[in-house]
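# Observations on the model geometry
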Amino acid sequence: MNTPDKDSPLVFIVEDEPDIARLIATSLAEYGFRSETFGTGRALLARARKVQPELAILDLGLPDMDGLQVLRLLQEQHPCAALILTGRDGLTDRVLGLELGADDYLVKPFEPRELVARVRSILRRYQKAAASEPDAHGGARFAGWHFDIGRLTLTSDDGREVSLSAAEAALLQSLLKRPNKILTREQLIGERELDPFDRSIDVRISRLRRKLEDDPQDPKIIKTVYGAGYLLYGTVEWVTG
Ligand code: CA
């Protein structure tokens, strides 16, 4: 087994079944990820105040709180990538998880290699978004908003501040980099082929609209191009911090 070095990505796992927690940690370690496991949501959130993970793997059925609640609190505290791993195969949970900013959803029983592949693909997406950034401390001005990349916040010209999850920020960056161009779901998520039933992009787009648009039902900034994808309308000015 490879021993992960101290610079490798850190993954937090919240899972109340010790055997499953151990299986996840072992699989991640084999592929060079560091991880810390927690049996309760509270324990994970307390630790996340001191150490910040790159990604969190969240079980939904936890002894002290619902995994979706952990996800919501974690996103408020420290936006990071998140994967939901659960025995609950409900559509509501899936949509709700993505609404709350999860990047992916895997149902138990799972294949450890599949889990690691998902974790890698999520982290790759984030690294790509970060690496292609003109200046990680800067931001962009568009449509009456200033997007601060480092702080994952949007500030309106009248001073309103809105925070974004890491997943939303990555999506917004993709749109801002190519304004007034139609971008397919695949381009937006950075994958070659996407499950046509995967609505995660659409869910994130609607979250962004609720934060950005005056009327999310009649969007003027992020437009839907039916059968093709989405486009960000307007002028984008990149600024360095
Ligand atoms: Ca459980």
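Reference entry: report on the structure contained in this document. Quick caveat: nothing in here was measured; it's all calculated off a predicted structure.

Spatially, β2-β1-β3-β4-β5 is the arrangement adopted by the five strands of the open sheet, whose pairing is parallel. In the strand order of this sheet, the two ends are held by β2 (34-38) and β5 (104-107), each with one partner. Within the sheet, the average angular offset between the axes of one strand and its neighbour, ignoring direction, is 20 degrees. The sheet contact formed by strand β4 (residues 81-86) and β5 spans four bridges and is parallel.

Take the pairing of strand β6 (residues 139-142) next. The pairing of β6 with strand β7 (residues 145-148) spans four bridges and is classified as antiparallel. Paired with A140 across the strands is F147, a residue of β7. Connecting β6 to the antiparallel partner β7 that follows it, the hairpin turn spans two residues, and A143 within it adopts a positive phi of roughly 40 degrees. When β6 meets strand β12 (residues 236-239), the two strands line up antiparallel, connected through four bridges. In the sheet register, F142 faces β12, and the bridge partner there is V236.

Moving on to the nonpolar core. A general tendency of soluble globular proteins is for nonpolar side chains to be buried together. Judged by nonpolar contacts, the single largest core of 48 residues is most densely connected at I57, F142 and L172. Residue contributions to this core peak at seven residues, all from helix α6 (residues 166-177). Counting residues domain by domain, this core receives three or more from each of domain 1 (10-130) and domain 2 (139-239). Ignoring any residue separated from it by four or fewer positions in sequence, one finds L172 in contact with F142, F147, L154, L164, L208, L212 and L232.

Parameters and conventions
- Residues numbered from 1 in each chain as written.
- Predicted model: local features only at pLDDT ≥ 70, side-chain atom pairs only at ≥ 80, totals over all residues.
- Heavy atoms only, no water.
- Pairing = 2+ DSSP bridges.
- Helix = DSSP H or I, 4+ residues; strand = E, 2+ residues; numbered from the N terminus.
- Axes fitted to C-alpha atoms, helices over the stretch in contact; angles between N-to-C directions.
- Core = buried A, V, L, I, M, F, W, Y, C linked by side-chain atoms within 4.5 Å.
- Buried < 20%, exposed > 50% of the residue type's maximum accessible area, 1.4 Å probe, protein only.
- Domains from an automatic or database assignment.
- Contact = heavy atoms within 4.5 Å.

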